[in-house]
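Structural characterization, general
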Amino acid sequence: MLGFGLYLYIGLYVAHIVTDLATDQGSRERRRFRSSGGWRAVDPWLDELQSAGVVLKDLETPQGADGRSGTRQLRRMVRRSQLAPLIPVILIVAMQLILGFAPWIAAALIAGYVALHSVSSVVVSTTETRAYENSWALFVLACLTKSALVFAGVVLAYEGILRLNQDAGHWTVAVACLVASFLLITYCYLPVTWLERRAMKHREARFATEASTEDTLFLRSFDDDTFELRTPMAGLGPRWSFVPGRRRFEEFAAAMLSRSTELVAIGRPGEKIPHLGASRTYWTDDTWQQAIRSTAAQTKALIVVAGRTQGLSWEVGQLKEMGLLPKTIVILPPDGAEGTRQRYQFLVDALEAPAAQQVPLELTGLITAVTFREDGTIEHLVAPGRDWSAYAGALLSFMATLEGATGLSRAEAQALQRIAQQEDLPGVGEIDADFAASAERTLNQHRVDSAHRAAGVVTLPLRHRSYLMRFLLKYGKAEQRGDLTGIIRLHQDVARWFSSHPDPQHGWVTVVQALELDAAEKLIDAGHYDDADELIEGVITTTEGPRVRVDPTEPAWDPVQIGHAGAELACRAAREQGDDDAEEAALHQLRDYTETHRLKSEAVQAANALAVFHQQRRQWEKVHVWSQTRWKEAAALGQTPDASTGARWSALALVELGRAQEAEAPVTESLRLARYSQHPDLLPPAVEAFTEVYLAAGKPAEALAELEALEREHSGEAAAQSAAAEQLTTALNRCLARVRDADPQPA
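These notes cover the structure that comes with them. Since the structure is predicted, the reported quantities are computational estimates derived from the model, not experimental observations. (Residues numbered from 1 in each chain as written. Predicted model: local features only at pLDDT ≥ 70, side-chain atom pairs only at ≥ 80, totals over all residues. Heavy atoms only, no water.)

**A few points about the overall build of the protein chain**
Broken down by element type, the protein chain carries 31 helices and 12 strands. By sequence separation, contacts in the protein chain at least 24 residues apart represent 70% of the contacts at least 6 residues apart. Of the roughly 34400 Å² of accessible surface on the protein chain, a fraction of 55% belongs to carbon and sulfur atoms. (Helix = DSSP H or I, 4+ residues; strand = E, 2+ residues; numbered from the N terminus. Contact = heavy atoms within 4.5 Å. Areas by Shrake-Rupley, 256 points an atom, 1.4 Å probe, with all protein chains shown as cover.)

As structure tokens, then:
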């Protein structure tokens with residue numbers, strides 16, 4: 001059995017792949033995006049940009065009604081295609097283990113399979129065939145070299161594994177064999193790459209006046225010739241590799257588009273051996289610009305790598321002047337946050353693009369490429385990480401659009417997905433007709449309302465909203481863990497950041513106020529009342545900030561309402577501590593706050609809270625005062641339930657104080673309001689209170705007359721068997737019995 005040696009050998013490949021993934025800039029971008037909340041975190045801002053006129057295409061979702069694959073499907077498809085060539089190798093190894101034939105036979109079979117795979121890859125690819133059409137001898141040498149390296153690697157792998165399992169005393173030799181085998185098999189394509197670069201010298205590039213309408217012009221700064229990305233698509237022909245590795249972007253693009261077009265480019269002056277990828281031609285400083293113009297006018301498409309050189313700026317300007325932008329795609333390489341911003345800014349400056357078509361620099365990390373509509377409008381192709389699948393999706397989507405497929409915007413693609421999920425799927429014509437309406441709803445959903453702008457609502461800048469969204473995601477994780485210390489530290493960090501990065505419209509003041517309110521609530525939940533009191537005081541007194549629109553889908557944050565929530569939180573904290581004096585002071589503070597900021601409905605509720613507080617302590621004079629306040633203010637606002645209840649409580653408090661004569665007016669008003677309101681549940685307690693007051697005032701006859709009239713008025717409701725009617729009947733019967741017992745003579 002192969003045992004430990006095989007596990008060690010497999011571990012070498014696993015370590016190689018993990019290290020490669022960890023160091024790939026595009027893969028890191030995708031992991032950071034996923035850990036930061038994914039599309040859920042950035043969708044509101046992208047939707048807002050779309051509503052403002054910025055055109056976005058999401059490469060992750062299907063990009064057309066024909067169901068063209070997004071990058072998710074592309075990654076799955078390539079993984080399957082990457083595993084397929086390994087199946088024969090696995091079968092050969094399994095046969096050797098079962099049948100027990102010599103390892104060198106298995107090595108020869110695997111080497112022969114590699115040679116056959118290389119030849120078949122070249123035969124089916126027109127581009128690869130052209131690469132070797134003038135140097136077939138080099139092609140044969142490349143295949144033999146790669147097969148020989150694979151043969152040697154497999155033999156060494158068997159030798160190392162057997163030595164490690166059978167002869168523990170020679171483990172150094174065994175490990176050396178395994179490492180040598182790993183290097184030979186993993187990098188077997190490197191000599192082949194060098195041989196193919198030699199063959200490139202004999203390839204005749206069709207350029208300038210000889211340019212073909214089937215070719216694609218590849219423009220880049222020579223400094224970007226080293227731009228690499230990790231890809232499982234290691235290349236076609238002899239360059240095929242067992243293990244995914246890094247390839248230059250130019251080489252990757254040439255392989256991706258090899259079945260539909262050939263890349264042509266100007267080579268670096270003085271290079272002796274050209275790079276793989278585009279066919280090269282060489283021009284002097286005096287002639288290269290005219291050659292570019294002539295070739296660009298003839299070729300099928302243009303691929304431009306966004307750079308920071310004046311030469312590339314001239315090329316982009318010429319493409320715009322010649323009207324060639326609709327057949328152009330501009331690639332933004334993963335050059336880090338600052339590098340990407342510089343490249344994007346350099347591009348839009350060269351295009352003289354209107355500000356309304358530009359994406360804020362903070363979101364340029366999502367942009368994989370830029371294409372153009374017929375009228376020159378910029379289209380941004382976005383993906384959650386600029387890895388190989390994002391660039392592959394961008395190139396394939398771009399070429400499909402050139403060939404006549406319908407390119408949909410991000411909003412239209414999402415609208416199509418929603419339509420496709422309906423139970424009754426409309427016909428093709430109905431889908432097309434519904435696209436406009438559905439996409440329009442999506443674009444208008446988050447549009448800033450003009451009334452909000454007139455009311456003084458400010459929008460937090462994208463940079464600040466992005467930072468806040470990252471905080472909310474971390475906050476959610478800390479809350480799930482129950483990590484109070486982590487939550488408070490997060491609040492402090494974010495508040496400190498917003499204080500040190502104030503936005504021009506001072507929206508940060510409102511954000512910090514809201515964060516302090518949330519932190520205070522968490523402290524109260526944990527019983528840390530003293531710490532919470534300090535934050536609450538700041539929340540209540542900080543109301544000078546503007547109303548802030550943080551999320552397009554949510555209402556604006558109002559500093560006055562946040563302060564009111566802080567005052568209510570102070571009442572809760574005092575109540576939970578059982579401090580009557582502190583609770584009364586907090587309730588008065590709440591009432592004063594609502595009056596100061598003219599929160600009329602909230603002021604009514606504050607008066608009610610004070611009345612309840614004093615009623616629980618049987619302080620009837622204060623109950624009467626605050627209930628009367630509630631009654632009068634609610635009546636002025638047309639709030640019948642609060643007005644009726646306030647008047648009733650005021651009357652009952654007066655009865656407790658021995659002032660039943662004064663209670664007649666409020667209780668009569670309470671009964672009147674309840675009688676004609678749309679809330680039937682108000683009437684039974686109003687009847688009870690009316691009876692109580694008039695009996696206390698020594699007027700049973702007047703009470704009897706009113707109650708009998710009320711009974712006749714509602715006599716038909718009992719038959720309805722409604723809960724409210726039953727409660728009213730019960731209350732009337734009980735009150736009539738009490739009144740008749742007090743005054744047996746009919747009124």
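**So, the pattern of salt bridges**
Across all of its chains, the model carries 28 salt bridges by this definition. Between Asp-224 and Arg-343 there is a salt bridge whose closest N-O contact spans 3.0 Å. A residue pair is termed long-range when its members are at least 10 positions apart, and Asp-224 in the loop between strand S2 (215-219) and strand S3 (228-231) and Arg-343 in helix H14 (residues 336-351) qualify at 119 residues. Of the two residues examined, Asp-224 and Arg-343, each falls in the buried class. Taken together, the shared-partner salt bridges connect Arg-248, Glu-250, Glu-271 and Arg-280 into one network. (Salt bridge = Lys/Arg side-chain N within 4 Å of Asp/Glu carboxyl O. Buried < 20%, exposed > 50% of the residue type's maximum accessible area, 1.4 Å probe, protein only.)

**Thoughts on the sheet that holds strand S10 (residues 378-382)**
Read across the open sheet, the eight strands follow the order S1-S10-S9-S8-S7-S2-S5-S6; overall the sheet is mixed. Across the chains shown, the open sheet's two edge strands, defined by having one partner strand only, are strand S1 (55-58) and strand S6 (279-281). Looking at each pair of strands side by side, their axes are set apart by 25 degrees on average, direction ignored. Strands in contact with helix H13 (residues 310-321) are S2, strand S7 (301-305) and strand S8 (328-331); relative to S7, the strand with the most contacts, it is inclined by about 150 degrees. (Pairing = 2+ DSSP bridges. Axes fitted to C-alpha atoms, helices over the stretch in contact; angles between N-to-C directions.)

**Quick look at the packing of helix H20 (residues 484-500) against helix H21 (residues 507-525)**
Running from N to C, H20 and H21 point in directions that differ by 165 degrees, and their axes come no closer than 10 Å. With respect to H21, the element H20 is oriented roughly antiparallel. Regarding H20 and H21, the two cross each other, and that crossing is left-handed. Residues Leu-484, Ile-487, Ile-488, His-491, Val-494, Ala-495, Phe-498 and Ser-499 of H20 lie in contact with H21, whose contacting residues are Trp-508, Val-511, Val-512, Leu-515, Asp-518, Ala-519, Lys-522 and Leu-523. Considering only residue class, the contact of H20 with H21 consists of 12 nonpolar, two polar and two charged. (Parallel < 35°, antiparallel > 145°, perpendicular 65-115°, else oblique. Left-handed = near helix turned anticlockwise from the far one by under 90°. Nonpolar A, V, L, I, M, F, W, Y, C, P; charged D, E, K, R; others polar.)

**Let's talk about a negative patch on the surface**
Taken together, the side chains of Asp-530, Asp-531, Asp-533, Glu-534 and Glu-537 make up a negatively charged region of the molecular surface. Here Asp-530 shows up in helix H22 (residues 529-541). Looking at Asp-530, the relative accessible area reads 59%, which means it is exposed. (Patch = residues over 30% accessible without salt bridge, like charges linked within 9 Å, V, L, I, M, F, W, Y side chains within 5 Å. Lys, Arg positive; Asp, Glu negative; His and termini not counted. Charge placed at Lys NZ, Arg CZ, Asp CG, Glu CD.)

**Side note on the pairing of strand S5 (residues 262-266)**
The buried count for S5 comes to five of five residues, which makes it a mostly enclosed element. Residues Glu-262, Val-264 and Ile-266 line one face of S5 and the alternating positions Leu-263 and Ala-265 line the opposite face, and both faces are buried. Sheet topology places S2 next to S5; three bridges connect them, and they run parallel. In the strand pairing of S5, Asp-215 is matched with Glu-262. Relative to S6, S5 runs parallel, the two sharing three bridges.

**Here's the deal with the packing of H21 against H22**
For the pair H21 and H22, interaxial distance at closest approach is 8 Å and the crossing angle is 155 degrees. The orientation of H21 with respect to H22, classified from their angle, is roughly antiparallel. Crossing of H21 against H22: the hand is left-handed. Note on element contacts: H22 touches H21 through Tyr-529, Asp-531, Ala-532, Leu-535, Ile-536, Gly-538 and Val-539, opposite Gln-513, Glu-516, Leu-517, Ala-519, Ala-520, Leu-523 and Ile-524. Of the residues that constitute the contact of H21 with H22, the class distribution is 10 nonpolar, two polar and two charged.

**Digging into the nonpolar core**
In terms of nonpolar packing, the biggest core is built from 41 residues, with Leu-319, Leu-351, Val-359 and Val-370 touching the most fellow members. Among the elements that make up this core, the one with the highest residue count is H14 (five residues). If we ignore the near neighbours within four places in the chain, the residues touching Val-359 are Leu-49, Val-54, Leu-56, Tyr-344, Thr-364, Ile-367 and His-380. Formed by 30 residues, the second largest nonpolar core is a distinct cluster that contains Ile-524, Ile-540, Leu-587 and Tyr-593. (Core = buried A, V, L, I, M, F, W, Y, C linked by side-chain atoms within 4.5 Å.)

**Overview of the environment of Trp-45**
Structurally, Trp-45 is set in helix H3 (residues 39-51). With a relative accessible area of 2%, Trp-45 lands in the buried category. In this structure, the C-alpha to C-alpha distance between Trp-45 and Leu-363, residues 318 residues apart in sequence, is 9.2 Å.

**Section: the environment of Arg-740**
Along the polypeptide, Arg-740 turns up in helix H31 (residues 723-742). Taking relative accessible area as the criterion, Arg-740 reaches 40% and is therefore assigned partly exposed. Separated by 39 residues in the primary sequence, Arg-740 and Ala-701 place their C-alpha atoms 8.5 Å from one another. Excluding residues that lie within four positions of it along the chain, Arg-740 makes contacts with Leu-704 and Glu-708.

**A word on the environment of Ala-606**
Along the polypeptide, Ala-606 turns up in helix H25 (residues 600-616). Looking at Ala-606, the relative accessible area reads 1%, which means it is buried.

**Thoughts on unusual backbone geometry**
Phi is positive for Glu-352, which is not a glycine, with a value near 55 degrees. Inspection of the secondary structure assignment puts Glu-352 in the loop between H14 and strand S9 (367-372). Exposure remark for Glu-352: the relative accessible area of 65% places this residue in the exposed category. In this structure, Arg-618 is a non-glycine residue whose phi angle is positive, near 55 degrees. Tracing the backbone through its elements, the reader meets Arg-618 in the loop between H25 and helix H26 (620-637).

**Re H20**
With 17 residues, H20 extends 24 Å from end C-alpha to end C-alpha; this agrees with the ideal 24 Å at 1.5 Å per step. Taken as a whole, H20 has its buried residues at Gly-486, Ile-487, Ile-488, Leu-490, His-491, Val-494, Ala-495, Trp-497 and Phe-498. (Expected span 1.5 Å × (residues − 1).)

**Quick notes on the packing of aromatic side chains**
Summed over all chains, the structure comprises nine aromatic pairs. Seen in terms of ring centroids, Phe-249 and Tyr-391 are 5.5 Å apart; in terms of plane orientation they differ by 70 degrees. Their pairing is edge-to-face. Of this pair, Phe-249 sits in helix H11 (residues 249-256) while Tyr-391 sits in helix H15 (residues 388-402), and the two are 142 residues apart along the sequence. For Tyr-391, a relative accessible area of 0% puts it in the buried group. Relative to Trp-314, the ring of Trp-288 lies with its centre 5.4 Å away and its plane at 70 degrees, an arrangement referred to as edge-to-face. With a gap of 26 residues between them, Trp-288 in helix H12 (residues 288-298) and Trp-314 in helix H13 connect regions that are remote in the sequence. Ring pairs connect the aromatic residues Phe-218, Phe-227, Phe-249, Phe-252 and Tyr-391, which therefore count as one cluster. Residue placement shows Lys-632 over the ring face of Trp-631; its charged tip is 3.9 Å from the ring centre. (Phe/Tyr/Trp six-rings, centres within 6.5 Å; stacked < 30°, edge-to-face > 60°. Lys NZ or Arg CZ within 6 Å of the ring centre and 35° of its normal.)

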